[in-house]
Amino acid sequence: MTSPAPLSGAAAPCIRLHAVGVTYPTARGPVEAVADVGLDIGEGEFVALLGPTGCGKSTLLRVIGDLTPPCRGQIEVRGQGAAAARRRNEFGFVFQEPALLPWRTALANVHLPLEVVGYPAERRVRRCEELLDLVGLLGFKDNYPHELSGGMKQRVAIVRALAWDPSILLMDEPFSALDELTRNRLQEDLLALWAVEHKTIVFVTHNIAEAVYLADRVAVMSARPGRIKALLPVRLPRPRRPQMRDTVEFLEHLRTAREALGG
Amino acid sequence: MSEPAGPPAPETRAWERLLPPALFLVAALLVWEAAVWWFGIPRWLLPAPTQIAARFVKMKTLWYHTGLTVMEAASGFAASALVGIALSAGIVHSRVLERGVFPYVIVSNAIPIIAIIPLLTIWFGFGFAPKIMIAAIITFFPIVTNTTRGLKSADASVLDFMRSINATRWQVFSKVQFPCALPYIFAAFRIASSLSLVGAVVAEFYGSDRGLGFLVITSATQLQTDLLFVAISVLALLGVGSFTLFGRIERAFGQGRVDVEYRR
């Protein structure tokens, strides 16, 4: 890993959010999920959206990925709208649940997006095997999802989102359904993948340690309506190592983030 | 998320499953046979199993009638499956179609099918056409409702993922929704295959000179009760056969997958 990505919005940010707001109609009247969010995310930067459950961070991620239209404000991805970026297959999405197709093997699941985005047919299987190998699942390529553990399924889901080499990875609490050991293992996997396939990553989580350990910057969000209360740069060296979790610097970052969340 | 499932329980061997019901059947037939001879029940009221079997062997035109009825039922079923699945695909992809057509699919199920037969006979005569149509109409409802439910059972996150990679509607349908719906479709086919036989036979009751339904009606009016039993037995076997066939196909398609995850 080279030097950390720019800490603030550089000259040409990868993703730029300007005054983004989302309001949902519900039976009990409109609910403001996201209010007035402005954020610049640099090329190759790893940004965590940290906030309590139901603070609209997932909604914000869906707005960036053009799965939910914003009610107010603008989203630019490399100077164009989010819809254009989605149509160019710039986004690799990972959800809280693996969302694999149960009738497809691990390899066939990673293969799925390659069939859709028009990846060269003769290189597809090799690409899938390469990626499964990166996360130690090559030996399970012919297994069906119900034959894999929760952590394995989520790893398949992650490499599925990387298969066609999208430039931006959007991750919606991808590890929150996993036990702590598996979660730590997958965090290492993700950082290793990020070192190989340098992507811009927006990572939604409600886990403070996870946000600090993984990200270059942590955007701390308030409860509904979700707004960005604080932008905390993480000044920990890369590559991150598990032993860093016990250092004073790491714990100080945790404290700052916790205070920002609570305040 | 469910834990990895263990290996399925070993299936009991076929003869172990089939032996008890077979024994009961033989016992019931023996009692029936004995009762008929013992009490001297007249043949027109209740023929003995052996008399029915003899009639079955002697009945040369049975296969002709059976073939016709099966053809009508199968044609109606096939037409209904094609149109029904296409309509379900439309309903899932179009709000207008769902709101505009789906209520009528439900209404169609509320109309007693027998009431339509004379109308179809006025329009299409005494040939195959009205029988095939009745078989199609009677199977339409379970096929459309089940297929629609199956297509809608696709996981929301998977659909989000497909949208995030800008998949076309056809790709979403063919790669996600349709495979998701297959267990539902085969379940519908299992029900519809026996229903289509019912439809064809009932349609043959009204204005027909061939087919198993015709056989049932004529043997009943002429008090040829043994022939009536032959026709009923053939119909029962056909129903069980088609039910088993589609059950097998459903299981063959279900190999190596957990449907439960997708059936919320």
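None of these values were measured; they are calculated from a predicted model.

Regarding its fold elements, chain A presents eight helices and 10 strands. The C-alpha radius of gyration computed for chain A amounts to 18 Å, which stays within 12% of the reference 18 Å derived for 263 residues, consistent with globular compactness. Considering only C-alpha atoms, chain A reaches an extent of 50 × 45 × 40 Å along its principal axes. Within chain A, the proportion of its 263 residues that are buried is 46%. Taking the intrachain contacts of chain A between residues at least 6 apart in sequence as the baseline, contacts between residues at least 24 apart amount to 73%.

Taken together, the contacts link 22 residues of chain B with 25 residues of chain A. Looking at the side of chain B that touches chain A, the elements with two or more residues in it are α7 (156-164) and α8 (169-205) of chain B. When residues of the side of chain B that touches chain A are assigned to their parent elements, the largest contribution, six residues, is made by α7(B). Of the residues belonging to the side of chain B that touches chain A, the class tally is 11 nonpolar, five polar and six charged.

Quick look at the domain arrangement of chain A now. Size of an interface, as often reported, equals the accessible area lost when the parts are brought together. Residues and elements named next belong to chain A. If you check the domain split of chain A, you get domain 1 (1-90 + 167-263) and domain 2 (101-165). A separation of 25 Å is found between the C-alpha centroids of domain 1 and domain 2. Each side of the interface is counted separately: domain 1 has 14 residues, and domain 2 has 12 residues. It is helix α6 (residues 180-196) that provides the largest number of residues to the side of domain 1 that touches domain 2, a total of seven residues. Among the residues forming the side of domain 1 that touches domain 2, the class breakdown is nine nonpolar, two polar and three charged.

The next point concerns the sheet that holds strand β2 (residues 29-41) of chain A. All names here are of chain A. Taken together, four strands build an open sheet; the order of strands is β2-β1-β4-β5 and the sheet is antiparallel. Of all the strands in the sheet, just β2 and β5 (80-81) have a single pairing partner and so form its edges. In this sheet, strand β4 (residues 72-77) lies alongside strand β1 (residues 15-26) in antiparallel orientation, the contact comprising five bridges. Residue Ile15 lies in a different strand from β4, and its bridge partner there is Val77.

Attention shifts here to the domain arrangement of chain B. Residue and element names in this part refer to chain B. Segmenting chain B into domains produces domain 1 (14-51) and domain 2 (59-262). The C-alpha centroid of domain 2 is placed 33 Å from the C-alpha centroid of domain 1. Of the residues lining the interface, six residues belong to domain 1; the matching set on domain 2 comes to four residues. Tallied by class, residues from the side of domain 1 that touches domain 2 come to four nonpolar, one polar and one charged.

Right, let's talk about the packing of α7(B) against α8(B) for a bit. Residues and elements named next belong to chain B. At a closest axis distance of 11 Å, the pairing of α7 and α8 adopts a crossing angle of 145°. In this structure, α7 crosses over α8, and the sense of that crossing is right-handed. Between α7, through Val158, Leu159 and Met162, and α8, the contact on the second element is made entirely by Gln171, Val172 and Val176. A breakdown of the residues in the contact of α7 with α8 according to their chemical character gives five nonpolar, one polar and no charged.

Glancing now at helix α9 (residues 212-221) of chain B. Residues and elements named next belong to chain B. By the burial criterion, the buried members of α9 are Leu212, Gly213, Leu215 and Val216. Summarising the axial view, the buried residues of α9 lie within an arc of 160°, below the 170-degree limit, and thus occupy one face. In this fold, the buried residues of α9 make contact with α3 (62-93), α8 and α10 (225-253). Within two residues after α9, Leu223 carries a phi angle of roughly 55°, on the positive side.

Let us now look at unusual backbone geometry. All names here are of chain A. A cis amide bond, omega -5°, links Arg238 with the succeeding residue Pro239. Within the fold, Pro239 resides in the loop between β10 (228-233) and α8 (248-262). One non-glycine residue, Asp36, adopts positive backbone phi at about 50°. Here Asp36 is to be found in strand β2. On the basis of neighbour counts, which here come to 16 C-beta atoms within 10 Å, the residue Asp36 falls in the partly exposed class. The phi dihedral of Asn89 falls on the positive side, at around 60°, and the residue is not glycine. As for its placement among the helices and strands, Asn89 is situated in the loop between α2 (82-87) and β6 (91-94).

Judged by nonpolar contacts, the single largest core of 132 residues is most densely connected at A:Ala48, A:Leu50, A:Ala215, A:Val218 and A:Ala219. It is α8(B) that contributes the most residues to this core, 14 residues altogether. Residues contacting A:Ala219, with those up to four places away along its chain left out, are A:Leu39, A:Val47, A:Ala48, A:Leu49, A:Leu50, A:Ile228 and A:Leu231.

Rules used in this analysis
Residues numbered from 1 in each chain as written. Chains lettered and ligands numbered in written order. Predicted model: local features only at pLDDT ≥ 70, side-chain atom pairs only at ≥ 80, totals over all residues. Helix = DSSP H or I, 4+ residues; strand = E, 2+ residues; numbered from the N terminus. Rg over C-alpha atoms; globule rule 2.2 N^0.38 Å. Buried ≥ 20, exposed ≤ 12 C-beta atoms within 10 Å, placed from the backbone. Contact = placed C-beta atoms within 7 Å. Nonpolar A, V, L, I, M, F, W, Y, C, P; charged D, E, K, R; others polar. Domains from an automatic or database assignment. Pairing = 2+ DSSP bridges. Axes fitted to C-alpha atoms, helices over the stretch in contact; angles between N-to-C directions. Left-handed = near helix turned anticlockwise from the far one by under 90°. Arc of directions from axis to C-beta. Core = buried A, V, L, I, M, F, W, Y, C linked by C-beta atoms within 7 Å.

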